[in-house]
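These are the residues of each chain, in order.
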Amino acid sequence: MDFGLSEEQQQFVDTLGRFVARDYGFARRRTIVDSQEGWSKEVWQSLADLGVLAINVPEKYGGLGFGPVETMLAMNVFGAALLVEPYLSSAVIATSLLCDIAGESVKAELLPRLAGGERIAVLAHFEPASRFVIAHVECSARKDGERYVLEGQKAAVLDAPAAGHLLVSARTSGLPDDDTGVSLFLVSRDSPGLVLREFPTLDGGRAAEVLLNKVSVPASARLGGEGEAMPAIERALDIGLSALCAEAVGAMKALQNATIEYLKTRSQFDQPIGRFQVLQHRAADMLIHFEQAQSMSYLAAMRCTAENTLERRRMLSAAKVVVGQACRFIAQSAVQLHGGMGMTDELMVSHWFKRLTMIESTFGDSDSHLQRFAELAS
Amino acid sequence: MDLDFTEEENAFRDEVRDFAREKLPADIHHKVMNGLHLTRDDYVSWQRALFARGWGGVSWPKEFGGPGWSATELYIFEEECAAAGAPRLIPFGLRMLAPVLMAFGSRAQQERFLPKIMSAEEWWCQGYSEPGAGSDLASLRTRAENCGDHYRVTGQKTWTTLGQYADWMFCLVRTDSEVKPQRGISFLLIDMKSPGITVRPIITLDGGHEVNEVWLEDVRVPMENRVGEENQGWSYAKFLLGHERTNIAGIGIAKRELAHLKRVAKAEMKNARPLLEDPLFAAKVAQVEVDLMALEITNLRVLSTEKMGPEASILKIKGSEIQQDISELLMQAAGPYAQPFAANYCNQRKLSIYGGSNEIQRNIISQMMLGL
Ligand SMILES: Cc1cc2nc3c(=O)[nH]c(=O)nc-3n(C[C@H](O)[C@H](O)[C@H](O)COP(=O)(O)OP(=O)(O)OC[C@H]3O[C@@H](n4cnc5c(N)ncnc54)[C@H](O)[C@@H]3O)c2cc1C
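Conventions and cut-offs
Residues numbered from 1 in each chain as written. Chains lettered and ligands numbered in written order. Predicted model: local features only at pLDDT ≥ 70, side-chain atom pairs only at ≥ 80, totals over all residues. Heavy atoms only, no water. Near = heavy atom within 4 Å. Polar contact = N/O pair within 3.5 Å; in protein donor to acceptor, adjacent residues only side chain to side chain. Areas by Shrake-Rupley, 256 points an atom, 1.4 Å probe, with all protein chains shown as cover. Helix = DSSP H or I, 4+ residues; strand = E, 2+ residues; numbered from the N terminus. Nonpolar A, V, L, I, M, F, W, Y, C, P; charged D, E, K, R; others polar. Expected span 1.5 Å × (residues − 1). Buried < 20%, exposed > 50% of the residue type's maximum accessible area, 1.4 Å probe, protein only. Phe/Tyr/Trp six-rings, centres within 6.5 Å; stacked < 30°, edge-to-face > 60°. Lys NZ or Arg CZ within 6 Å of the ring centre and 35° of its normal. Contact = heavy atoms within 4.5 Å.

1. Let's talk about the site of the ligand
The full set close to the ligand counts 30 residues, and A:R266, A:Q336, B:S135, B:T161 and B:S357 are the nearest of them. Proximal residues around the ligand fall on chains A and B, making this an inter-chain site. For the ligand, an oxygen atom lies 3.0 Å from a polar atom in the backbone of B:Y128. Within the contact set of the ligand, a nitrogen atom lies 2.6 Å away from a side-chain nitrogen or oxygen of B:T161. A total of 970 Å² of accessible area belongs to the ligand in isolation, and the protein chains cover 95% of it. When contributions to the shell around the ligand are tallied by element, the ones reaching two or more residues are α8 (277–303) and α9 (309–338) of chain A together with α12 (358–369) of chain B. By residue number, the principal contributor to the shell around the ligand is α12(B), which donates 3 residues. By residue class, the composition of the shell around the ligand is 14 nonpolar, 13 polar and 3 charged.

So this is what it looks like as structure tokens:
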């Protein structure tokens, strides 16, 4: 058992930390969030230059061939800095999914470009009625000669507005909740019939409702076997879930630190408010939540690529429950302990609060994962 | 012991309900029911409608032009208005300043200010908190220098709710810094159009503009705009805090929001069944519902004694927690489409911070009710 980092990993963390400290301060982030696109090409290119976009790309395709642990380390840093660029969607989930399922030519074409920052791809999977159930897919892909025609709707797809390519899941057979019968298609952003209704999210991100109005794609756009994409989609989402937990951990740690600092410096009744025992205990509970979440984030990183699907589901659900509950408790407590200041847009505190609130409900909220865990356990 | 309302009270309830159904404009109703942003005019037009009906000074005694309702009638009124989707009454003039003026103001002040509060001709804001004086309000530092026929006021107030609309601000200022902090505070009425006042917006985490900073620089306040005696402001403020908390439980609003939650959770599907039938979610909704049921009766018990002591703290803590729980569940229920509910959830964090934070309320309970 070893929870330590290798020298190389530590260096990697330090480099990234220096990058966000220098180039991704609160003011810079605000400018990016307020911009038309809502993310920065310049930052994206820097991430490519630092090699972070290549973490999940095999060496064969110009990547670093690292895995979930390095992804976790990067996400810790991005969580603290509240990075809004589509890292999780493109460099983690879509990249992992392409590695897993795409054919040789697509990989050779796309992976080096994803690693180099020239392309952004996003998985469009969840639907209005799926409510966090991964297998629930109603979108359809009808065979039409040498082509497929895609129809349906994908709900609140994070970072879709930034993507040049969408990886769209759609049913080639079966019923909405069947595990089989789902295929995956590589759909270019400018395909006729593909409509993105874009909107900003609470936490400063961008998302889109994705409408597929008879989008026609060549048979070669299908990634993997017909009707066989579900396991790969789940594997990619599991890697994404682990990364999301790590992002939460990074954000919680930073928020926790900011709160402790505030308790020491804010004075009321002629003393630092950190002297009030009720606040001390709340802060102690925040730390306990944080440590539990940190543990589960490690577990998620080390088990999210496990072969045994049932075991993997159990581990990841357990992690999301603990992390999600910690997100809720730490975010609420931090605002409460800051008093009115916690409510202002002016402090980073409220921005961590909003990101943690969103994370709690991303890829299944705590309750859904608790239920899934209970069902898998029995 | 009897838990039922009297026949007269039930008749009164019908009267309020009919009134709200008839007089509440549909667009305002829609905004309130969906947690949307209300404009200044929305608040004003509702207050004017009440005024036209003779209910402008809802909580006021007859001698000042109010309907002279009992605490129970007022409770019924509030519950019905909330259920109907009426805007909350802006409390600053109506519920906070007015009782102070009635108890401690001069006849001239009463005649000058009370009617225009009732008719919504003048909008008031509350200038208590300062950057350095939040929970420890008595440490406030905004200075008022006695210049014979007027005060010269310099300092900064903050978190001033809807101060951007205000014509007037009631304000706590320091008039003596040599004595114990509580002893050197006075209560002034300040015209927001006075030279030297700057109002700056504070944007909150939900992106809204509902609070402000108010900067005062050599603001001239005529002596006749001091309420009561110099250096006695703290006791008036404490009197006021008791009134601030009378509607703090927010039962009517919580009931309305709970009904909203159930509608959303019924429409939202999970595993091909309404979310409201999901055992885990249903249990959470049930939990808030029973909490609310208990609080409603606790609230009525407190009201029936017609005096509000530290019990108000129980109502404030439980009431704010219940409203926050409901906002959390609404956000959860809406799943991927939680965006509008999420903003409301963020905004509702204020409930446990303002009007005396929930930590401060627990201090009050343990000190004043438990003698600890
Ligand atoms: C949305 C909003 C609207 C507001 N509107 C108005 C308004 O219109 N007019 C106005 O005058 N004010 C207004 N306020 C101010 C509000 O009353 C203060 O925010 C509140 O009193 C808390 O003060 P603070 O923000 O300075 O927090 P602080 O007092 O600094 O408190 C920070 C934390 O320390 C805790 N704490 C402080 N003292 C103790 C103690 N003795 N024991 C245990 N814990 C303690 C608090 O509970 C809190 O968790 C508003 C605030 C908000 C958020």
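2. Examining helix α4 (residues 68–81) of chain A
Residues and elements named next belong to chain A. Along its 14 residues, α4 runs 20 Å from first to last C-alpha, staying within 8% of the 20 Å computed at 1.5 Å per residue. Buried residues dominate α4, accounting for 12 of its 14 residues. Two residues or fewer after α4 comes L82, characterised by a positive phi angle close to 55 degrees.

3. So, the packing of aromatic side chains
Note on aromatic pairs: each is described by the distance of the centres and the angle between the planes. Residues and elements named next belong to chain B. Applying the stated criterion to the full structure yields 24 aromatic pairs over all chains. Here the aromatic rings of F104 and Y236 are separated by 4.5 Å at their centres, their planes lie at 35 degrees, and the arrangement is tilted. Of the two residues, F104 is situated in helix α5 (residues 91–104) and Y236 in helix α7 (residues 233–244); the sequence distance between them amounts to 132 residues. Under the relative-accessibility criterion, Y236 is labelled buried at 6%. The structure contains a cluster of three or more aromatic residues connected by ring pairs, namely F12, F19, W46, W55, W69 and F77. Positioned over the ring face of F5 is R13, at 5.1 Å from the centre of the ring.

4. Some words on the environment of B:K193
Residue and element names in this part refer to chain B. By the element assignment, K193 lies in the loop between β5 (185–191) and β6 (197–203). A residue is classified by how much of its surface remains accessible, and K193, at 64% relative accessible area, is exposed. For K193 and A282, which are 89 residues apart along the polypeptide, the C-alpha to C-alpha distance reads 52 Å.

5. Overview of the environment of A:A208
Residues and elements named next belong to chain A. Along the chain, A208 turns up in strand β7 (residues 206–218). Taking the C-alpha atoms as reference points, A208 and Q371, separated by 163 residues in sequence, lie 28 Å from one another. Beyond its immediate sequence surroundings of up to four residues, A208 is in contact with K154, A155, A156, V157, A160, P161, L196, R197, E198 and F199.

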